[in-house]
Amino acid sequence: LPLDPHGLVTSAEYIASPNADERPDGTDICLIVIHNISLPPGEYGGPGISELFTNQLDPDEHPYYADIHQLRVSAHFVIRRDGHLQQFVPCMARAWHAGVSSWQGRERCNDFSIGIELEGCDTDTFSEAQYRTLDKLLATLISHYPVRDIVGHSDIAPGRKTGPGPCFDWAKLAALKTRMQQTDESGIHS
C-alpha cells in the first residue's frame, strides 16, 4: 500500500478526525495496537464508527450512544468487514486510541503507537477480507517505521480492554511475524 510522507495510505478512504495531536519530539513509531469496534455494539456497516471518531455521534440515535457520544477518541485506521480501509489520523500524528496504557514498562502508548480498529467484536470472527487488508497494512507500516511489536488493546490495558478479543486469529499474522524477525528481534504478542 502506498504511504505518503505524512503517513497517509493514499489508497485508503481518508476521513480526518479532530481527535489527534502531535507526537512528542523524537518519538519513534515502534508499536502497533489492534482493537475491535462496532457501533452500535455487535452491528456492522453503519456510520457509527466514523461519527464517533469525528465527534458527530448523535446520542439520540441509539441508547448506547448516549453514554459515549462525548468521548474524544480516534484510531489511525479502521478495517471494515469487507476489507475496506479507512484512515482517520495520519501515522505521523498521535491518534487517541490507547487511553491509559503501558507496554514493556513504557506508559502512554498513544505516543509511540499506531492504532488499527477492526470492525468487529469479541464474540464474532473477523472476515478473511479484513485479515488480507490487515496483512497488507501491517507490511506497509513495518516497512516504513521501526515497529518492534504488534499487540492487542488488551495487552496494553489489561483488565480494562479486551480487544481485539478471543476471536482474533493471531496465527494468521505468522507470516508477517517471520518478515519482522528477518529485520529485527520484533514480535507479535498474542
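Residues numbered from 1 in each chain as written. Predicted model: local features only at pLDDT ≥ 70, side-chain atom pairs only at ≥ 80, totals over all residues. Heavy atoms only, no water.

## Digging into the overall build of the chain
The secondary structure content of the chain amounts to five helices and 11 strands. The globule rule puts the C-alpha radius of gyration for 190 residues at 16 Å, and the 15 Å found for the chain is close to it. The dimensions of the chain, computed from C-alpha atoms along their principal axes, are 50 × 35 × 35 Å. The buried share among the 190 residues of the chain stands at 51%. Of the contacts formed within the chain by residues at least 6 apart in sequence, a portion of 70% connects residues at least 24 apart. (Helix = DSSP H or I, 4+ residues; strand = E, 2+ residues; numbered from the N terminus. Rg over C-alpha atoms; globule rule 2.2 N^0.38 Å. Buried < 20%, exposed > 50% of the residue type's maximum accessible area, 1.4 Å probe, protein only. Contact = heavy atoms within 4.5 Å.)

## Let's talk about the pattern of salt bridges
Overall, the coordinates contain five salt bridges when judged by the stated rule. With a closest N to O distance of 2.5 Å, R94 and D111 form a salt bridge. A residue pair is termed long-range when its members are at least 10 positions apart, and R94 in strand 6 (residues 93–95) and D111 in the loop between strand 8 (106–107) and strand 9 (113–119) qualify at 17 residues. Both residues of the pair, R94 and D111, belong to the buried class. Across the pair D111 and R108 runs a salt bridge whose closest N-O atoms are separated by 3.2 Å. Accessibility expressed as a relative area gives 11% for D111, which makes it buried. (Salt bridge = Lys/Arg side-chain N within 4 Å of Asp/Glu carboxyl O.)

## Considering the side chain of H97
Mapped onto the secondary structure, H97 falls in the loop between strand 6 and strand 7 (102–103). Looking at H97, its side chain comes within polar contact range of the side chain of S113, at 3.0 Å. Within the structure, the side chain of H97 is placed 3.4 Å from the backbone nitrogen of G115, a separation counted as a polar contact. Sequence-distant contacts of H97, that is, excluding residues within four places in its chain, are made with V33, H35, S74, A75, H76, N110, S113, I114, G115 and H153. (Polar contact = N/O pair within 3.5 Å; in protein donor to acceptor, adjacent residues only side chain to side chain.)

## Topic: the nonpolar core
In terms of nonpolar packing, the biggest core is built from 26 residues, with F77, I114, I116, L134, L141 and F168 touching the most fellow members. If you list the elements that add at least two residues to this core, you get strand 3 (31–37), strand 4 (77–79), strand 9 and helix 3 (128–144). It is helix 3 that contributes the most residues to this core, six residues altogether. Residues contacting I116, with those up to four places away along its chain left out, are I32, V33, I34, H35, F77, I79, L134, L137, L138 and L141. (Core = buried A, V, L, I, M, F, W, Y, C linked by side-chain atoms within 4.5 Å.)

## Considering unusual backbone geometry
A cis geometry characterises the amide bond from L39 onward to P40, with omega recorded as -10 degrees. By the element assignment, P40 lies in the loop between strand 3 and helix 1 (48–53). Note the cis peptide between G163 and P164, where omega equals 5 degrees. Mapped onto the secondary structure, P164 falls in the loop between helix 4 (153–156) and helix 5 (174–183). In this structure, N55 takes a positive phi of about 60 degrees despite not being glycine. Looking at where N55 falls in the secondary structure, it is placed in the loop between helix 1 and helix 2 (65–68).

## Brief notes about helix 3
With 17 residues, helix 3 ought to run about 24 Å at 1.5 Å a step, and its terminal C-alpha atoms sit 25 Å apart, in line with that. Along helix 3, the residues classified as buried are A129, Q130, Y131, T133, L134, L137, L138, T140, L141 and I142. (Expected span 1.5 Å × (residues − 1).)

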